[in-house]
Each structure stands twice: as C-alpha cells, then as structure tokens.
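Okay, here's what each chain looks like letter by letter:
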Amino acid sequence: MNLYESWLCTKPIAHRGYHNAAIPENSLAAFENAAKNGYAAELDIQCLGDGTVVVFHDDTLLRMTGRGGVPKDLKKEDLKKLPLLQKSGEKSDQFIPTLQETLALAKKNNLPLLIEIKSHSGNGQDEGRMLELLKDYDGAYAIMSFFPDSVRFFKGKLNVPFGCLSDAPDEATWKKMDFSREYFDFIDYHYSLLPNAWVDREKCPVIVWTVRSQEVCDLISSRCDNITFENFVPVWKSTRKRFD
C-alpha cells in the first residue's frame, strides 16, 4: 500500500471525531458527523475493569462524565448510566462507546479510523483484548501509540499501517523512545515541533496533531502529509516532499 495515496494522507482526520459544542468528543455522534463531512476520524481506545474495550481518551472520568474515578473502575453495564458531557457541562444523549459499536458505525459509514492505543496493563493484556476485536475488522484503519511495546504487540498480527506517536522535543528524547523504524509506517507528531531533522530522516509519511486553525494549517502544509484537526473546517493540501 502506498500510504501517500491512501486515506491516511488524503483525508483530513477529525480529532476524536468531528465534535462540537453539542456533540461530545469520542462519541458515536462525533464519528457519524466525521463520516457525513467526508473526514477520517482519530480515536482513543482503552479497557474497562471487566476488559471491555471502549473509546475514551482521558485517564480519569471527570472531564467527560462529571464522575470521579478512572475507566478501569467501570464495567460495560455502567456505560449507559454515564452520559458524556457537552462542552457546556450539560449532559448529552451520547455515552462512552465500545470499540465494537464504533467499528460497526465506521464500517456502515465507510469511515477510516486512526486508532490510538492507550494501554495501561503493561503486560499485553489490554492489547490482546483489542486484537480480538480488530483482527476480523475489514474496514480502513491504522494503529498508533506513544508506547513502542503496544505497536510491537500488534505488528505482524494485523495487516494495517502502524504509527509512532510522539511529541519528543529533541533528537535525544526521540532516540530514548526506542521506537525502531521496522515497527512503524508513519509518524504522528505535534505540529509545533516540525520541521526537524530526526523526523525527516525516517523518510515516511508524517501526520500532525492537533491543528485548530486555518492559519496553522497553512503554516505547516510543507512540513507534513496530513493533519488531525478540531474546531474548524480545514482547507488542506500538503506540499511536503514525498519519500515513495
């Protein structure tokens, strides 16, 4: 697969879905909204205490649900009792979705997914549960993580693009990540840290996060191949040199 010609580099990617004041991030409504507007969607997955794989970004529940605690405190049966909050703090009609629900929606709506692995098990247990759901999914998706061990777990088990997610501010920090080039096909980097020599040296597609204005979009068009964005409607065209 030529990633430069794939959705990963040709469709702007809505950060945690195409959410807004009324539609919470990482909700089924946000993913459906991304599909309706012709975008791909980025999302975060982690496991509840009973092993259910859900789409949720934070390490704690408070910001998005108003409840204390962490996702590991929950079981699948708790999800429909816990509405996601709108940006105003009011309860929405959306709930923390399971990965299974999200994959079904994505498949139905032909929505490509950029999936960030947020594992907290440290022993591959969370990744194993995620793999069970992803191994038979035939929609378009890619996997990325800040954690090299998570990407190494999936590499060879799934035939999809894998990404190195990083905000390393300098080359020394980049090298300390121990993210061997054989394990990733693209890099997902914070836009403010580009351009830099250590990323360009890898000669692969570069996605950036998280762009929140057209001004930034225009500024970085020569530094990356695609954007993850939120809170505006991007006009996007990359002019970065390709390495295919």
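Residues numbered from 1 in each chain as written. Predicted model: local features only at pLDDT ≥ 70, side-chain atom pairs only at ≥ 80, totals over all residues. Heavy atoms only, no water.

### Concerning the confidence of the model for the protein chain
Across the protein chain, the average pLDDT comes to 96, with 100% of residues at or above 70. At the level of individual helices and strands, the protein chain shows its lowest average pLDDT in helix 6 (residues 148-154), which scores 93, and its highest in strand 1 (residues 13-14), which scores 99. (pLDDT = per-residue confidence, 0-100. Helix = DSSP H or I, 4+ residues; strand = E, 2+ residues; numbered from the N terminus.)

### Some remarks on the pattern of salt bridges
Counted according to the given criterion, the structure contains 20 salt bridges. Across the salt bridge formed by arginine 242 and glutamate 5, the nearest N and O atoms sit 2.8 Å from each other. Placement of the pair is arginine 242 in the segment after strand 11 (226-229) and glutamate 5 in the segment before helix 1 (7-10), with a sequence separation of 237 residues. We classify glutamate 5 as exposed; its relative accessible area is 51%. Aspartate 149 is the partner of arginine 152 in a salt bridge, and the nearest nitrogen-oxygen pair spans 2.6 Å. (Salt bridge = Lys/Arg side-chain N within 4 Å of Asp/Glu carboxyl O. Buried < 20%, exposed > 50% of the residue type's maximum accessible area, 1.4 Å probe, protein only.)

### Description of the packing of helix 2 (residues 28-36) against helix 4 (residues 99-109)
The interhelical angle for the contact between helix 2 and helix 4, taken along N-to-C directions, is 20 degrees, at an axis separation of 10 Å. Taken together, helix 2 and helix 4 sit at an angle that is classed as roughly parallel. Note on packing geometry: the crossing formed by helix 2 with helix 4 is right-handed. Along its contact with helix 2, which presents Leu28, Phe31, Glu32 and Ala35, the element helix 4 presents Glu101, Thr102, Leu105 and Asn109. Broken down by class, the residue content of the contact of helix 2 with helix 4 amounts to 4 nonpolar, 2 polar and 2 charged. (Axes fitted to C-alpha atoms, helices over the stretch in contact; angles between N-to-C directions. Parallel < 35°, antiparallel > 145°, perpendicular 65-115°, else oblique. Left-handed = near helix turned anticlockwise from the far one by under 90°. Contact = heavy atoms within 4.5 Å. Nonpolar A, V, L, I, M, F, W, Y, C, P; charged D, E, K, R; others polar.)

### Side note on the state of the cysteines
In the structure shown here, the tally under the stated rule is 0 disulfides. Free cysteine cysteine 204: the closest other cysteine sulfur is in cysteine 164, separated by 8.3 Å. (Disulfide = S-S within 2.5 Å.)

### Some words on the pairing of strand 5 (residues 91-95)
Sheet analysis places strand 4 (residues 83-85) next to strand 5, joined by 2 bridges and oriented antiparallel. Considered in strand 5, the bridge of leucine 85 is made with lysine 91. (Pairing = 2+ DSSP bridges.)

### Overview of the side chain of serine 92
Of note, serine 92 is situated in strand 5. Among the polar contacts listed, one links the side chain of serine 92 to the backbone oxygen of leucine 84, at a separation of 2.7 Å. There is a polar contact of 3.0 Å between the side chain of serine 92 and the backbone nitrogen of glutamine 94. Those residues in contact with serine 92 that lie beyond four places of it in its chain are Ala22, Pro24, Pro83, Leu84 and Gln86. (Polar contact = N/O pair within 3.5 Å; in protein donor to acceptor, adjacent residues only side chain to side chain.)

### Here's the deal with helix 4
Taken together, the buried positions of helix 4 are occupied by Leu99, Thr102, Leu103, Leu105 and Ala106. On an axial view of helix 4, the arc spanned by its buried residues comes to 165 degrees, and they lie on one face. In helix 4, the exposed positions angled more than 90 degrees off the buried face are occupied by Gln100 and Lys108. Those residues of helix 4 that are buried are in contact with helix 2, strand 2 (40-47), strand 3 (53-55), strand 6 (113-117) and helix 5 (125-134). (Arc of directions from axis to C-beta.)

### So, the environment of asparagine 159
Within the element layout of this structure, asparagine 159 appears in the loop between helix 6 and strand 8 (162-166). A relative accessible area of 81% places asparagine 159 in the exposed class. Taking the C-alpha atoms as reference points, asparagine 159 and alanine 14, separated by 145 residues in sequence, lie 23 Å from one another.

### Focus on the packing of aromatic side chains
Here the structure, examined in full by the defined rule, presents 10 aromatic pairs. Note on tyrosine 137 and tyrosine 141: the rings are 5.8 Å apart at their centroids and 50 degrees apart in plane angle, and the pair reads as tilted. The pair tyrosine 137 / tyrosine 141 is uniform in exposure class, with both members buried. Between phenylalanine 229 and phenylalanine 232, the aromatic rings sit 5.9 Å apart at their centres with planes inclined by 80 degrees, giving edge-to-face as the arrangement. As far as burial versus exposure is concerned, phenylalanine 229 and phenylalanine 232 are alike and both buried. Between the NZ or CZ atom of lysine 157 and the centre of the ring of phenylalanine 153, over which it lies, the distance is 4.4 Å. (Phe/Tyr/Trp six-rings, centres within 6.5 Å; stacked < 30°, edge-to-face > 60°. Lys NZ or Arg CZ within 6 Å of the ring centre and 35° of its normal.)

### Focus: the pairing of strand 2
Within strand 2, 8 of the 8 residues are buried, leaving the element largely enclosed by the surrounding structure. Neither face of strand 2 is open: one carries Ala40, Glu42, Asp44 and Gln46, the other Ala41, Leu43, Ile45 and Cys47, and all of them are buried. Bridging between strand 1 and strand 2 involves 2 bridges; their strand directions are parallel. Residue pairing across strands places isoleucine 13 opposite alanine 40, the latter belonging to strand 2. Between strand 1 and its parallel partner strand 2, the chain crosses via helix 2, and the hand of that crossover is right-handed. Examined bridge by bridge, strand 2 and strand 6 share 5 bridges and lie parallel to one another. Residue pairing across strands places aspartate 44 opposite glutamate 116, the latter belonging to strand 6. (Right-handed = clockwise from strand over helix to strand, strands pointing away.)

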